[in-house]
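Now for the letters of each chain:
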Amino acid sequence: MRASNAEGRPVTNGWRESAAAWIAEMGEHGDFGREFILDPALRDRLARRSFARALDVGCGEGRLCRMLREFGVEAVGIDPTEPLLDEARRRDPTGDYRHGRAEELAFDDESFDLVISCLTLIDIDDASRAIAEMARVLRPGGILLIANLTSFGTAGIGEGLGWAENAEGEKAHFRIDNYLQEKPLRVSWRGISVTNWHRPLGSYFSALLGAGLRLEHFSEPTPRGCAPDLIASYERMPYFLLMEWSKDRAPPRVEAGRSF
Ligand SMILES: C[S@@+](CC[C@H](N)C(=O)[O-])C[C@H]1O[C@@H](n2cnc3c(N)ncnc32)[C@H](O)[C@@H]1O
């Protein structure tokens, strides 16, 4: 399913038009969620194993590919948004950044021992197909590391949803609705206007399990290294989750009672 307007015509996902504002918003270290929540959690996961070759799906302006280099990992970044790829190449001239879409990865089967999708599943029109592709290009024993928005967070996007305020203008409670209904949503902030998909968590899990992957890690990381009131506020309504899925090594071949 692709995002469409009221007449049923497909709309652009907004990334090309939003690229300059996105690059400004990310700066060198990413926005608040990346710098204080996701990147520290991703670093923890990356430090636990050694990886040789990684694919960053939806690499944007290339922050994660540059981070992977710190861990001695050779990274390839793919993204369909050319102005973001241009910025990634400008910041990292020796990096490997290629035009591509998650739904059709131009790589042989079993090419990578790590595939990363950081806040891209929400942007991808056909997430099931993308997940099957990510699993296909993973080597047996490899890891698919996913950071995504929580599904209750995306269920809170829209008119009359999200934070309700009390009489003093403070956050009272977070409103969600139609949780099980998968739908594209237009989200806009600071010059960025892109389509994000709301999907229930079960929809992502079905695709991941259907691709034959096994869940190794699940967490809802909280901010580190910032003011206590920001941490307390975030903990009321966490926006991010982190998952690590593994691709099984082929089971041993058994012949006439002997395994090889
Ligand atoms: C929210 S940004 C995340 C960028 C980067 N991974 C990060 O965490 O900073 C989403 C990215 O997904 C890319 N994207 C959109 N549709 C895609 C698709 N079908 N396949 C791969 N990437 C896609 C966008 O161009 C954009 O760079």
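Shown above is the structure to which this text applies.
Below is a short write-up of the structure. Note that the structure is predicted; figures quoted are calculated from it, not measured. (Residues numbered from 1 in each chain as written. Predicted model: local features only at pLDDT ≥ 70, side-chain atom pairs only at ≥ 80, totals over all residues. Heavy atoms only, no water.)

The next subject is the overall build of the chain. Helix and strand counts for the chain stand at eight helices and 13 strands. Reported as C-alpha extents along the three principal axes, the dimensions of the chain are approximately 75 × 45 × 45 Å. Counting across all 260 residues of the chain, residues that qualify as buried make up 48%. In the structure as shown, the chain presents an accessible area of about 12900 Å², 51% of it carried by carbon and sulfur atoms. On the chain, the mean spot of the 33 positive side-chain charges and the mean spot of the 41 negative ones are 4 Å from each other. (Helix = DSSP H or I, 4+ residues; strand = E, 2+ residues; numbered from the N terminus. Buried < 20%, exposed > 50% of the residue type's maximum accessible area, 1.4 Å probe, protein only. Areas by Shrake-Rupley, 256 points an atom, 1.4 Å probe, with all protein chains shown as cover. Lys, Arg positive; Asp, Glu negative; His and termini not counted. Charge placed at Lys NZ, Arg CZ, Asp CG, Glu CD.)

In this structure, Glu110 takes a positive phi of about 55° despite not being glycine. As for its position among the elements, Glu110 is in the loop between strand 3 (96–99) and strand 4 (112–118). The exposure class of Glu110 is partly exposed, given its relative accessible area of 41%.

Right, let's talk about the packing of helix 2 (residues 32–47) against helix 3 (residues 63–70) for a bit. Between helix 2 and helix 3, the shortest axis-to-axis distance is 11 Å and the interhelical angle comes to 40°. The orientation of helix 2 relative to helix 3 falls into the category oblique. Crossing handedness for the pair helix 2 and helix 3: right-handed. When helix 2 is examined against helix 3, the residues Arg34, Asp39, Leu42, Arg43 and Leu46 are found in contact with a partner set consisting of Arg63, Leu64, Met67, Leu68 and Glu70. Of the residues that constitute the contact of helix 2 with helix 3, the class distribution is five nonpolar, no polar and five charged. (Axes fitted to C-alpha atoms, helices over the stretch in contact; angles between N-to-C directions. Parallel < 35°, antiparallel > 145°, perpendicular 65-115°, else oblique. Left-handed = near helix turned anticlockwise from the far one by under 90°. Contact = heavy atoms within 4.5 Å. Nonpolar A, V, L, I, M, F, W, Y, C, P; charged D, E, K, R; others polar.)

One open sheet accounts for seven strands, arranged 3-2-1-4-5-11-10; its pairing is mixed. In this open sheet, the two strands that pair with only one neighbour each are strand 3 and strand 10 (213–219). For this sheet the average axis-to-axis angle between neighbouring strands, irrespective of direction, equals 20°. Relative to strand 11 (residues 240–247), strand 10 runs antiparallel, the two sharing six bridges. In the sheet register, Phe218 faces strand 11, and the bridge partner there is Met243. Contacting strand 5 (138–149), strand 10 and strand 11, helix 7 (residues 201–210) crosses the sheet at an angle of about 15° to strand 11. (Pairing = 2+ DSSP bridges.)

With respect to spatial proximity, 19 residues lie near the ligand, and among them Arg34, Gly58, Arg63, Asp79 and Thr81 are the closest. At 2.9 Å from an oxygen atom of the ligand is found a side-chain nitrogen or oxygen belonging to Arg34. Within the backbone of Ala102, a nitrogen or oxygen atom sits 2.9 Å from a nitrogen atom of the ligand. With the chains in place, 97% of the 590 Å² that the ligand exposes on its own is no longer accessible. (Near = heavy atom within 4 Å. Polar contact = N/O pair within 3.5 Å; in protein donor to acceptor, adjacent residues only side chain to side chain.)

Angle between the axes and distance between the axes are the two parameters that describe a pair of packed helices. The contact between helix 5 (residues 127–137) and helix 7 brings their axes to 9 Å, and the two run at 35°. The handedness of the crossing between helix 5 and helix 7 comes out as right-handed. Contacts between helix 5 and helix 7 involve Ala127, Ser128 and Ile131 from the first element and Tyr204, Ala207 and Leu208 from the second. Taken together, the residues of the contact of helix 5 with helix 7 break down into five nonpolar, one polar and no charged.

Between the first and last C-alpha of helix 2 there are 22 Å, a value that for 16 residues agrees with the 22 Å anticipated at 1.5 Å per step. Leu38 marks where helix 2 bends most, by close to 40°; the proline Pro40 follows one to four residues later. Those residues of helix 2 not exposed but buried are Gly33, Arg34, Ile37, Leu38, Asp39, Pro40, Ala41, Leu42, Arg45 and Leu46. (Expected span 1.5 Å × (residues − 1). Bend = angle between axes of the 7 residues up to and from the residue.)

What follows covers the packing of aromatic side chains. Inspection of every chain in the model, using the stated rule, returns ten aromatic pairs. Both rings, one in Phe174 and one in Tyr239, keep their centres 6.4 Å apart while their planes meet at 85°; by these two values the pair is edge-to-face. Here Phe174, found in strand 7 (residues 171–175), pairs with Tyr239, found in the loop between helix 8 (228–236) and strand 11; they are 65 residues apart in sequence, far enough to count as distant. With relative accessibility at 32%, the residue Tyr239 sits in the partly exposed group. For the ring pair Phe205 and Trp245, a centre distance of 5.3 Å and an interplane angle of 75° mean the geometry is edge-to-face. Placement of the pair is Phe205 in helix 7 and Trp245 in strand 11, with a sequence separation of 40 residues. With relative accessibility at 21%, the residue Phe205 sits in the partly exposed group. Connected via pairs of aromatic rings, a cluster forms that spans Trp163, Phe174, Tyr234, Tyr239 and Phe240. (Phe/Tyr/Trp six-rings, centres within 6.5 Å; stacked < 30°, edge-to-face > 60°.)

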